[in-house]
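Per-entry structural report
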Amino acid sequence: MDASTASNGLAIKPEVSIVLPCYNGSAWLSRSVESVRCQKAATWELVVVDDGSDRDPGPILYGFGDRRIRYMRRDHAGKGAALNYGISLCRADLICFIDQDDIMLPSRLRGQVDVFHRQPHADAVYSDYERRDDTGRFIDRFISRQMSPQEGLKWMSAGRSPLTIQTLMLKKTVWARVGKFSEIPELNGLDDLEFFVKLLLNKPVMVYAPGVVQCWVRHQQNFSASANFQEARLHGLKRLSELAVEHPLLRPEMKHFAFHAHSMRGIHFLETQRPKRAVSEFIKAAVFRPSCLNTYYLLLKSLVAQAVARGPKPAQPGQPIP
């Protein structure tokens, strides 16, 4: 499939290129691709990069019979590498992204492209998104706002990022200038965190376009719920610390990044019934923000769960009770 050729055989440069990295996502891929095909009043190409899935998703993509869809398959190298490869193939001046299990709302492309037309000096446009489960049930909505790059860093360090890969549209030249997505294997799942920090440190001209443009879908196989994602938080902290050496603007926010990372790891271990590890993480979080009372509440909850787990086991039938 070649999105660069229109039905009349003439090469037409699209207004925007959408990059879709795919890895073992055949269960959701058709829905995500169809949500792109439903986009109204904007010319686009969809660049799908399969990152070495166990099962080739090619038949699904070829089944659409849509010349605007371009499909490439690579050896497994991680999401960041798939994103960078896909972007390198994009023909449009504007790029945006969709994950294999997300849903793009019909007016997204036209609305954000129009912002660039009205404000050609803009480097990036971002909007709002919502979360739904795999059945379509609404979970919550994330509303952003217009802010400076410095404000964006503060929000991001607190775990309330104004920028997400679900809503960002930017000029391809900005991606090249910022330094691409991380391809460090240990950062898989948080490759966009490093990219967004580098983007904000680059002090881009960002424009907030209100409105929900994409849906993040929660299901049992979300990578963000995995143990590997929790380990990526630590590698992410290490990478940001390295960036802070070169960028003084980032240094004041590092304690907040550390607090958020250890807090989220603690919550993960508490929810997965590993209270000993949760205790360790909440103690680390308290070091970085000793005034946060909720951390002590979660720490106490973890200590109680740890004590219960260590308690005497119930006597077996026929055994005397001590």
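Whatever comes next refers back to the structure up there.
Residues numbered from 1 in each chain as written. Predicted model: local features only at pLDDT ≥ 70, side-chain atom pairs only at ≥ 80, totals over all residues. Heavy atoms only, no water.

Our next topic: the pairing of strand β2 (residues 44-50). Taking burial as the measure, the 7 residues of β2 include 7 buried ones, the bulk of the element. Burial along β2 is two-sided: Trp44, Leu46, Val48 and Asp50 and Glu45, Val47 and Val49, pointing in opposite directions, are all buried. Relative to β2, strand β1 (residues 16-22) runs parallel, the two being bridged by 7 bridges. Note on β2: the bridge partner recorded for Val16 is Trp44. Following the backbone out of β1, through helix α1 (residues 26-37) and into the adjacent parallel β2, one traces a crossover that is right-handed. In the sheet, β2 pairs with strand β3 (residues 69-73) via 5 bridges, with the strands oriented parallel. If you follow Val48 over to β3, its bridge partner there is Tyr71. (Buried < 20%, exposed > 50% of the residue type's maximum accessible area, 1.4 Å probe, protein only. Helix = DSSP H or I, 4+ residues; strand = E, 2+ residues; numbered from the N terminus. Pairing = 2+ DSSP bridges. Right-handed = clockwise from strand over helix to strand, strands pointing away.)

Looking now at the packing of helix α5 (residues 149-157) against helix α9 (residues 254-271). The contact between α5 and α9 brings their axes to 8 Å, and the two run at 30 degrees. The angle between α5 and α9 falls in the class roughly parallel. Within the contact between the two elements, α5 uses Leu153, Met156 and Ser157 and α9 uses His256, Phe257 and His260. Taken together, the residues of the contact of α5 with α9 break down into 3 nonpolar, 3 polar and no charged. (Axes fitted to C-alpha atoms, helices over the stretch in contact; angles between N-to-C directions. Parallel < 35°, antiparallel > 145°, perpendicular 65-115°, else oblique. Contact = heavy atoms within 4.5 Å. Nonpolar A, V, L, I, M, F, W, Y, C, P; charged D, E, K, R; others polar.)

What follows deals with unusual backbone geometry. It is generally the case that most residues other than glycine have a negative phi and that most peptide bonds are trans. Notably, Asn24 is not glycine yet its phi reads approximately 50 degrees, a positive angle. With respect to the secondary-structure elements, Asn24 resides in the loop between β1 and α1. Its relative accessible area of 32% is what places Asn24 among the partly exposed residues. Not every positive phi belongs to a glycine, and Lys180 is a case in point at roughly 65 degrees. Take Lys180: it is sitting in the loop between α6 (172-178) and α7 (191-201). You can call Lys180 partly exposed: its relative accessible area is 39%.

Another point: empty space enclosed by the protein. Tallying each qualifying case throughout the model produces 1 cavity of 30 Å³ or more. The calculated volume of the largest cavity comes to roughly 30 Å³. Around the largest cavity, the lining residues are Ala77, Gly78, Lys79, Gly80, Ala81, Ser182, Glu183, Ile184, Pro185, Leu187, Asn188 and Asp191. Residue contributions to the lining of the largest cavity peak at 3 residues, all from helix α3 (residues 79-89). When grouped by side-chain class, the residues that make up the lining of the largest cavity number 5 nonpolar, 4 polar and 3 charged. (1 Å grid on protein atoms, 1.4 Å probe; cavity = no way out; pocket = protein on both sides within 12 Å on 5 of 7 lines; lining within 4 Å. Points joined across faces, edges and corners; volume = space filled by probe spheres on them.)

A word on the environment of Leu193. Relative to the helices and strands, Leu193 resides in helix α7. Taking the C-alpha atoms as reference, Leu193 lies 33 Å from Phe64; in sequence the two are 129 residues apart.

Between α5 and α7, whose axes approach to 8 Å, the crossing angle comes to 155 degrees. For the element pair α5 / α7, the angle class is roughly antiparallel. Like other packed secondary-structure pairs, α5 and α7 cross with a definite hand, here left-handed. Residues Pro149, Gly152, Leu153 and Met156 of α5 form the contact with α7, whose own contacting residues are Leu193, Phe196, Val197, Leu200 and Leu201. (Left-handed = near helix turned anticlockwise from the far one by under 90°.)

If you look at soluble globular proteins, the nonpolar side chains tend to sit buried side by side. Grouped together as the largest cluster of nonpolar side chains are 46 residues, with contacts concentrated most on Phe97, Leu170, Val197, Leu250 and Phe257. Every residue in contact with Phe97, bar those within four places of it in the chain, is listed here: Ile18, Val19, Leu83, Ile87, Met104, Arg108, Ile165, Leu168, Leu170, Phe181 and Gln214. Ile18, Cys22, Met104 and Val207 belong to the second largest nonpolar core, which has 28 residues in total. (Core = buried A, V, L, I, M, F, W, Y, C linked by side-chain atoms within 4.5 Å.)

Residue placement: Leu29 occurs in helix α1. A relative accessible area of 0% places Leu29 in the buried class. When the C-alpha atoms of Leu29 and Ile103 are compared, they prove to be 9.8 Å apart, with 74 residues separating the residues in sequence.

All right, on to a nonpolar patch on the surface then. Residues Leu300, Leu303, Val304 and Val308 make up a contiguous nonpolar surface patch of roughly 370 Å² in combined accessible area. Classification of Leu303 as partly exposed rests on a relative accessible area of 39%. (Patch = residues over 30% accessible without salt bridge, like charges linked within 9 Å, V, L, I, M, F, W, Y side chains within 5 Å. Areas by Shrake-Rupley, 256 points an atom, 1.4 Å probe, with all protein chains shown as cover. Salt bridge = Lys/Arg side-chain N within 4 Å of Asp/Glu carboxyl O.)

Here we come to the pattern of salt bridges. Under the counting rule described, the total for this entry stands at 24 salt bridges. Here Lys13 makes a salt bridge to Asp93, at a shortest N to O gap of 3.0 Å. With Lys13 in the segment before β1 and Asp93 in the loop between α3 and β4 (94-97), the pair connects residues that are 80 residues apart, well separated along the chain. Where Lys79 meets Asp99, a salt bridge forms, and the shortest distance between an N and an O atom there is 3.0 Å. Residue Lys79 is found in helix α3, and its partner Asp99 is found in the loop between β4 and β5 (103-104); the two are separated by 20 residues along the sequence. Each of Glu34, Arg37, Asp66 and Arg68 takes part in one network of salt bridges that share partners.

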